[in-house]
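Single-letter residue listing:
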Amino acid sequence: AQSVTQPDIHITVSEGASLELRCNYSYGATPYLFWYVQSPGQGLQLLLKYFSGDTLVQGIKGFEAEFKRSQSSFNLRKPSVHWSDAAEYFCVLKTSYDKVIFGPGTSLSVIP
Amino acid sequence: EAEVAQSPRYKITEKSQAVAFWCDPISGHATLYWYRQILGQGPELLVQFQDESVVDDSQLPKDRFSAERLKGVDSTLKIQPAELGDSAMYLCASSTGGNGQETQYFGPGTRLLVL
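Here's what I pulled together on the structure shown here. Since we're looking at a predicted model, the values are computed, not measured. (Residues numbered from 1 in each chain as written. Chains lettered and ligands numbered in written order. Predicted model: local features only at pLDDT ≥ 70, side-chain atom pairs only at ≥ 80, totals over all residues. Heavy atoms only, no water.)

Counting residues in hydrophobic clusters, the biggest one holds 28 residues, and the most contacted among them are L19, W35, L47, L48, F74, L76 and Y89 of chain A. Elements with a minimum of two residues in this core: β2 (10-14), β3 (19-21), β5 (32-38), β6 (44-50), β8 (64-68), β9 (73-78), β10 (87-94) and β12 (106-111) of chain A. Ranked by residue count, the leading element in this core is β10 of chain A, at four residues. Setting aside residues up to four positions removed in sequence, L48 of chain A forms contacts with L33, F34, W35, V57, Q58, G59, F63, E64, A65, F74 and L76 of chain A. Judged by nonpolar contacts, the second largest core, of 20 residues, contains L32, F49, A88 and Y90 of chain B. (Core = buried A, V, L, I, M, F, W, Y, C linked by side-chain atoms within 4.5 Å. Buried < 20%, exposed > 50% of the residue type's maximum accessible area, 1.4 Å probe, protein only. Helix = DSSP H or I, 4+ residues; strand = E, 2+ residues; numbered from the N terminus. Contact = heavy atoms within 4.5 Å.)

And the structure:
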């Protein structure tokens, strides 16, 4: 069965520090992968997506993610975190027949 | 920029009452999704439409939930009767549909509180 795991429920980083949010998936075929961010009181916003091709994907707000098929991972990274990045981050798997599976989310706190 | 519209934004109801949520997707988007997001969890797909047809409602509690998209444009999600456990955020999303690569665009959600 398809699934998405985000091992870290909550992460706290200092402003200006680097960030990596982990995502692992289980799917037998080529996955379509997304990262969404949900700020308090806001809707879900797409950060980036991977379908095929270059395994390093650039997104908005300075985020990037790397697809590693051998590790079934799609980790999200940012070199320098800003206080406004504090939010909930969701890794999402979409299958070729359009089934959508959200991970449980990672809550990010940023301390000054 | 086109957005997915949802109303109401907030709804408080008593258990056993009926509630309804409305979603207007981005114009031209054939695929529409309803999700339920319980506090502290990721969204869970309730129902997916392709135009006016339901393509996935396997997680929809059909004894009390119903969804329709009669003309293949806007959609209504209904709960009757509401239960305390239905308190959650209900999110609507839309996409152009097709081969799975399309991005979903989410509305602001309707936060439901059942007392």
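Following the structure, the description resumes.
For the rest of this paragraph, the subject is unusual backbone geometry. All names here are of chain B. Along the chain, S7 connects to P8 via a cis peptide bond; the corresponding omega equals -10 degrees. Mapped onto the secondary structure, P8 falls in the loop between β1 (5-7) and β2 (10-13). Residue P81 is reached from Q80 by a cis peptide bond, and omega for that bond is -5 degrees. Phi is positive for D51, close to 55 degrees, though the residue is something other than glycine. Position of D51 relative to the elements: it lies in the loop between β5 (44-50) and β6 (53-56). In this structure D51 comes out as partly exposed when scored by relative accessible area, which is 36%.

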